[in-house]
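Listed here are the chains, written in short residue letters.
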Amino acid sequence: MSTTPTPRIAIIGAGPGGLTCARILQRHGIQAVVYDFASGPDDRNQGGTLDLHEGNGQIALKEAGLMEEFTRLARPEGQEMRQFHTADATIRFHQRPTEDQFSSPEIDRGQLRDLLLNSLEPGTVRWGHALQSVGGPADGPRRLHFADGTVIEADLVIGADGAWSKVRPVLSPATPKYIGINYLEAWFHDVDNQHPEIAELVGHGSAMAADGERCLFAQRNSGGHIRVYVIQSVPADWLAQVGLNSQDTDGIRTLLLDRFRGWAPSLRQLITDNEDPYIDRPLYALPVPHTWESDPTVTLLGDAAHLMPPLGVGVNLAMLDASELALAVAGHDTIASAIRAYERIMLPRSTNMQTMLDGAAAGLLDDETFDPSQLDAG
């Protein structure tokens, strides 16, 4: 980029997308500041495991110069997938990765975030900055208003701030809508010692079972952890409707045991033996398609641009978006031309993916038609 003076770039959100963008910009000699509402890198859990695909997430890691480190952390064995019959827990589908398969290895979200975070120049991320709004003229400079009263100016604002983006309203009035599917998350720790039957059931990767109305999906994480997602088609406030909340562990277990009656005892352990309270996760998505008129100083990537059901594409697309945006900024003379070039590729791609996945989350409840190899709840 030959723009003079050097543009002030603000990335909102220190998730994989925002950090990937900052890393690739820095590799091209372009500075950016990442702002995140969290008080620090360790103030909240980063979520479960995910698979990084060779056609998107791994492309971004290569541009970031981090494939060697990723290869050391990734778990190729995590590509294993098992699907069970609900009545007797016999296997109906078993995908075993080959010894040299590296098309979509698993990595914990926290490990990926730390890999990217540690690759950045010191001071790149400004913690404790909760964005409230973006103001200023379309041709810049933009003014970012933070909850603590801080106001900063930027020539390019990149919204990498997820489903409930504070940057998105500059470009689009769209808001996420509940899609009618809920993920209730349960955690298991030290599984090989404390839960050997569950460890054996799940194996090295993921396992699932569905009966047409509900689904159990389990993922092995690193460090002897397993996360289980109880997937149901229910109202967003389904717990409140039965007089429960997410902290009522015993009440939820009783409810789930009734709803999963008739399932094999080994599968029912996935909903009864967890050590922590359940985490209620209603699923939201943006309208399909979600597009906007290009703005010369603001753009979006990842869930802020194209929130979709968690079926193995979210982080991968966010990182690919980030890579392509950073390369566009590095390769164009102006911010406006870089944004247009990036969005010409990103928006059609995300629309195609949104269209393909629209309603797909409900389809995973159908054990006859859903392809379990496509699922990644991480």
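Residues numbered from 1 in each chain as written. Predicted model: local features only at pLDDT ≥ 70, side-chain atom pairs only at ≥ 80, totals over all residues. Heavy atoms only, no water.

From N to C terminus, the protein includes 13 helices and 17 strands. Expected size for 378 residues packed as a compact globule is a radius of gyration near 21 Å; at 21 Å, the protein falls within 12% of this value. Principal-axis analysis of the C-alpha atoms places the extent of the protein at approximately 65 × 50 × 35 Å. The buried share of the protein, taken over its 378 residues, is 55%. Taking the contacts inside the protein whose residues are at least 6 apart along the sequence as the reference set, 73% of them involve residues at least 24 apart. As presented, the protein carries roughly 15700 Å² of accessible surface, and 49% of it is formed by carbon and sulfur atoms. If you average the places of the 29 positive and of the 50 negative side-chain charges in the protein, the two averages end up 4 Å apart. (Helix = DSSP H or I, 4+ residues; strand = E, 2+ residues; numbered from the N terminus. Rg over C-alpha atoms; globule rule 2.2 N^0.38 Å. Buried < 20%, exposed > 50% of the residue type's maximum accessible area, 1.4 Å probe, protein only. Contact = heavy atoms within 4.5 Å. Areas by Shrake-Rupley, 256 points an atom, 1.4 Å probe, with all protein chains shown as cover. Lys, Arg positive; Asp, Glu negative; His and termini not counted. Charge placed at Lys NZ, Arg CZ, Asp CG, Glu CD.)

Attention shifts here to the pairing of strand β10 (residues 151–154). The side-chain alternation of β10 yields one buried face, formed by Ile152 and Ala154, and one unburied face, formed by Val151 and Glu153. Pairing geometry for strand β9 (residues 142–146) and β10, over four bridges, is antiparallel. Note that in β10 the partner of Arg143 across the bridge is Glu153. (Pairing = 2+ DSSP bridges.)

In the case of a regular strand, side chains alternate between the two sheet surfaces. By the criterion of burial, strand β15 (residues 226–233) is predominantly enclosed, with seven of the eight residues buried. Bridge analysis of strand β12 (residues 177–188) against β15 gives eight bridges, and the strand direction is antiparallel. Of the residues in β15, the one forming a bridge with Glu185 is Tyr229. Where strand β14 (residues 214–220) lies against β15, seven bridges are found, and the strand directions are antiparallel. Within β15, the position partnered with Arg220 by the bridge is Ile226. The loop that links β14 with its antiparallel partner β15 comprises five residues; one of these, Gly223, has a positive phi angle of about 70°.

Taken together, the buried positions of helix α8 (residues 249–259) are occupied by Thr249, Gly251, Ile252, Arg253, Leu255 and Leu256. The inward-facing, buried residues of α8 contact β12, β15, α7 (238–241) and α9 (265–272).

It is worth spelling out unusual backbone geometry at this point. Note that the residue after Gly140, namely Pro141, is joined by a cis bond; omega there is -5°. Following the sequence through the fold, Pro141 ends up in the loop between β8 (131–135) and β9. Cis geometry is found at the peptide bond from Val288 to Pro289, where omega equals -5°. Relative to the elements of secondary structure, Pro289 occurs in the loop between β16 (279–285) and β17 (298–300). Positive phi is not limited to glycine here, since Asp190 has a value of about 45°. In this structure, Asp190 sits in the loop between β12 and α5 (191–194). On the basis of relative accessibility, which here comes to 33%, the residue Asp190 falls in the partly exposed class.

One pass over the full model with this rule turns up 16 salt bridges. For Asp108, the salt bridge identified is with Arg75, shortest N-O distance 3.0 Å. Of this pair, Asp108 sits in strand β6 (residues 106–108) while Arg75 sits in the loop between α3 (67–73) and β4 (81–84), and the two are 33 residues apart along the sequence. Note on accessibility: Asp108 and Arg75 belong to one class, buried. Measuring nitrogen to oxygen at the nearest pair gives 2.5 Å for the salt bridge that ties Arg281 to Glu185. One end of the pair, Arg281, is in strand β16; the other, Glu185, is in strand β12, and 96 residues separate them in sequence. Connected through salt bridges with shared partners, the residues Arg8, Glu153 and Asp155 form a single ionic network. (Salt bridge = Lys/Arg side-chain N within 4 Å of Asp/Glu carboxyl O.)

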